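Chain and residue survey
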Amino acid sequence: MPAPSELPSSSSPAVTIVAIADFVMGTGRIALGVAVAWYVVDLIATGPDEKADLLQFLGFLLLVFVWPLLVLLGLLSIIAGLLLIIAGMGLLRRQRSARTLTLVMGALGGGLAVFYAMNLLGSIGDRSMEEAAFSIAGMTIHGTYCVLVFSVLLNPRIAAEFTPEIAAARLR
């Protein structure tokens, strides 16, 4: 049992900032997942335009075969959003499982940032400004989240707030 002088004097506000980031990222993920699923289902339901040429019709047929994958990605985004919100609530309570879940989600965010960076670098001359801006925004958002999560939650002083001994000592 740590001595009272070894206990952190108060909860770190940095953990609260990470929890807020979890809430924001989770809400955004849920909104994005719902929008993607809604858009794809709406496209399938309306079908091709009556004046569609052969190329537009073939594009619609391709969408019919790809739409289950797009809807699955939308559902995965919704699930990730729910996990982020759950992790954020757990961080506020200093639960170790929430810290672990947030670290996993931060690693996935870092992977997405690398994906966006590779997408941007792989097609520098081929993309429009809107697509480049989308890649830069995704890289920035997910990269910043990853750096925030790892710099805060791997700090030894902050990690100590999630140990059972300190949590029990605070209750006394």
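Each value, and the rule that gives it
Residues numbered from 1 in each chain as written. Predicted model: local features only at pLDDT ≥ 70, side-chain atom pairs only at ≥ 80, totals over all residues. Heavy atoms only, no water. Helix = DSSP H or I, 4+ residues; strand = E, 2+ residues; numbered from the N terminus. Buried < 20%, exposed > 50% of the residue type's maximum accessible area, 1.4 Å probe, protein only. Contact = heavy atoms within 4.5 Å. Areas by Shrake-Rupley, 256 points an atom, 1.4 Å probe, with all protein chains shown as cover. Phe/Tyr/Trp six-rings, centres within 6.5 Å; stacked < 30°, edge-to-face > 60°. pLDDT = per-residue confidence, 0-100. Axes fitted to C-alpha atoms, helices over the stretch in contact; angles between N-to-C directions. Parallel < 35°, antiparallel > 145°, perpendicular 65-115°, else oblique. Left-handed = near helix turned anticlockwise from the far one by under 90°. Nonpolar A, V, L, I, M, F, W, Y, C, P; charged D, E, K, R; others polar. Expected span 1.5 Å × (residues − 1). Polar contact = N/O pair within 3.5 Å; in protein donor to acceptor, adjacent residues only side chain to side chain.

For the rest of this paragraph, the subject is the overall build of the chain. Scanning the chain for helices and strands turns up 6 helices and 0 strands. The secondary structure elements of the chain, listed N-terminal to C-terminal, are α-α-α-α-α-α. Within the span of the chain, comprising 172 residues, buried residues form 33% of the whole. Contacts in the chain between residues at least 24 apart in sequence constitute 77% of all its contacts with a sequence separation of at least 6. As presented, the chain carries roughly 10,800 Å² of accessible surface, and 72% of it is formed by carbon and sulfur atoms.

Right, let's talk about the packing of aromatic side chains for a bit. Enumeration over the complete set of coordinates arrives at 2 aromatic pairs. Between Tyr116 and Phe134, the aromatic rings sit 5.9 Å apart at their centres with planes inclined by 80°, giving edge-to-face as the arrangement. One end of the pair, Tyr116, is in helix H3 (residues 96–122); the other, Phe134, is in helix H4 (residues 129–153), and 18 residues separate them in sequence. You can call Tyr116 buried: its relative accessible area is 15%.

On average, residues of the chain score 84 in pLDDT, and 82% of them are at 70 or above. At the level of individual helices and strands, the chain shows its lowest average pLDDT in helix H6 (residues 164–171), which scores 62, and its highest in H3, which scores 93.

The next thing to look at is the environment of Val149. The topology assignment puts Val149 in helix H4. For the pair Val149 and Asp22, spaced 127 residues apart in the sequence, the C-alpha separation amounts to 9.3 Å. Once you skip the residues sitting within four places of it in the chain, Val149 turns out to touch Val18, Thr102, Leu103, Gly106 and Leu154.

Our focus in this paragraph is the packing of H3 against H4. Running from N to C, H3 and H4 point in directions that differ by 150°, and their axes come no closer than 7 Å. As the angle between them shows, H3 and H4 are arranged roughly antiparallel. Crossing of H3 over H4 shows left-handed handedness. Partitioned by chemical class, the residues of the contact of H3 with H4 number 17 nonpolar, 9 polar and 1 charged.

What follows concerns helix H1 (residues 13–46). With 34 residues, H1 should reach 50 Å at 1.5 Å per residue; the first-to-last C-alpha distance of 49 Å fits that figure. When we look at burial in H1, the residues that qualify are Val15, Val18, Ala19, Ala21, Asp22, Met25, Gly26, Arg29, Gly33, Ala37 and Val40. Here H1 starts with a cap whose side-chain oxygen sits 3.1 Å from the backbone nitrogen of Ala14, and that cap is Ser12.

Our next topic: the environment of Arg94. Along the polypeptide, Arg94 turns up in the loop between helix H2 (54–92) and H3. Once residues lying within four places of it in the same chain are set aside, the contact partners of Arg94 are Ser11, Ser12, Val15, Glu161 and Phe162. Within the local environment of Arg94, its side chain forms a polar contact with the side chain of Glu161, the two groups lying 2.7 Å apart.

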